[in-house]
Amino acid sequence: MTYTITSRCVGTKDESCVTVCPVDCIHDAGEQMMIDPVECIDCGACVPICPVDAIFTEDEVPAEEVDAIGAARSFFRSDGSS
Ligand code: SF4
Ligand code: SF4
């Protein structure tokens, strides 16, 4: 289990979530922020602070946003930061 930032972040990307994450696992992925699924400790602190409700646990990600789960996994595998 991990938390996932969906495309709702695009256009806002205010990094509020970054300021509350205790393990600094939220990174700039270009158009939006992304959570490193390996480093996330599932604390949930980032969820209520997001102004656009972009953050979900993996099994609560809305159907139209499921691609965000694989996108985050690929992003952190490919840049070697995980
Ligand atoms: S708080 Fe929400 S909108 Fe802001 S950067 Fe994080 S996920 Fe994106
Ligand atoms: S759930 Fe906690 S550890 Fe995971 S990204 Fe959000 S604030 Fe960071």
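Before any of the text, the structure's been laid out above.
Rules of the game
- Residues numbered from 1 in each chain as written.
- Chains lettered and ligands numbered in written order.
- Predicted model: local features only at pLDDT ≥ 70, side-chain atom pairs only at ≥ 80, totals over all residues.
- Heavy atoms only, no water.
- Phe/Tyr/Trp six-rings, centres within 6.5 Å; stacked < 30°, edge-to-face > 60°.
- Buried < 20%, exposed > 50% of the residue type's maximum accessible area, 1.4 Å probe, protein only.
- Near = heavy atom within 4 Å.
- Nonpolar A, V, L, I, M, F, W, Y, C, P; charged D, E, K, R; others polar.
- Salt bridge = Lys/Arg side-chain N within 4 Å of Asp/Glu carboxyl O.
- Helix = DSSP H or I, 4+ residues; strand = E, 2+ residues; numbered from the N terminus.
- Core = buried A, V, L, I, M, F, W, Y, C linked by side-chain atoms within 4.5 Å.
- Contact = heavy atoms within 4.5 Å.

## As for the packing of aromatic side chains
On inspection of all chains with the given rule, the structure shows one aromatic pair. Centre to centre, the rings of F75 and F76 are 5.0 Å apart; their planes meet at 90 degrees, and the pair counts as edge-to-face. Relative accessible area serves as the criterion here: at 23%, F75 is assigned to the partly exposed category.

## A closer look at the site of ligand 2
Every residue close to ligand 2 is listed here: Y3, C21, P22, V23, C25, I26, I35, C40, I41, C43, G44 and C46. Its residues assigned to classes, the shell around ligand 2 comprises 11 nonpolar, one polar and no charged.

## Let's talk about the pattern of salt bridges
Should the charged atoms of two oppositely charged side chains come close, the side chains can pair. On inspection of all chains with the given rule, the structure shows two salt bridges. Linking D28 and K13 is a salt bridge whose minimum nitrogen-to-oxygen distance equals 2.9 Å. Linking D28 in strand β2 (residues 26–28) with K13 in the loop between β1 (3–5) and α1 (16–20), this pair joins segments that are 15 residues apart in sequence. Its relative accessible area of 44% is what places D28 among the partly exposed residues. Note that E58 and R73 form a salt bridge whose closest N and O atoms lie 3.0 Å from each other. Of this pair, E58 sits in the loop between β4 (55–57) and α3 (67–78) while R73 sits in helix α3; the two residues are 15 residues apart in sequence, bridging distant segments of the chain.

## A word on the nonpolar core
In this structure, I5, C17, C25, I26, I35, C46 and I55 are the most contacted members of the largest nonpolar core, which totals 14 residues. Contributions of two or more residues to this core are made by β1 and β3 (33–35). In contact with I55, other than residues within four places in its own chain, are Y3, T4, I5, C17, I35, C46, V47 and C50.

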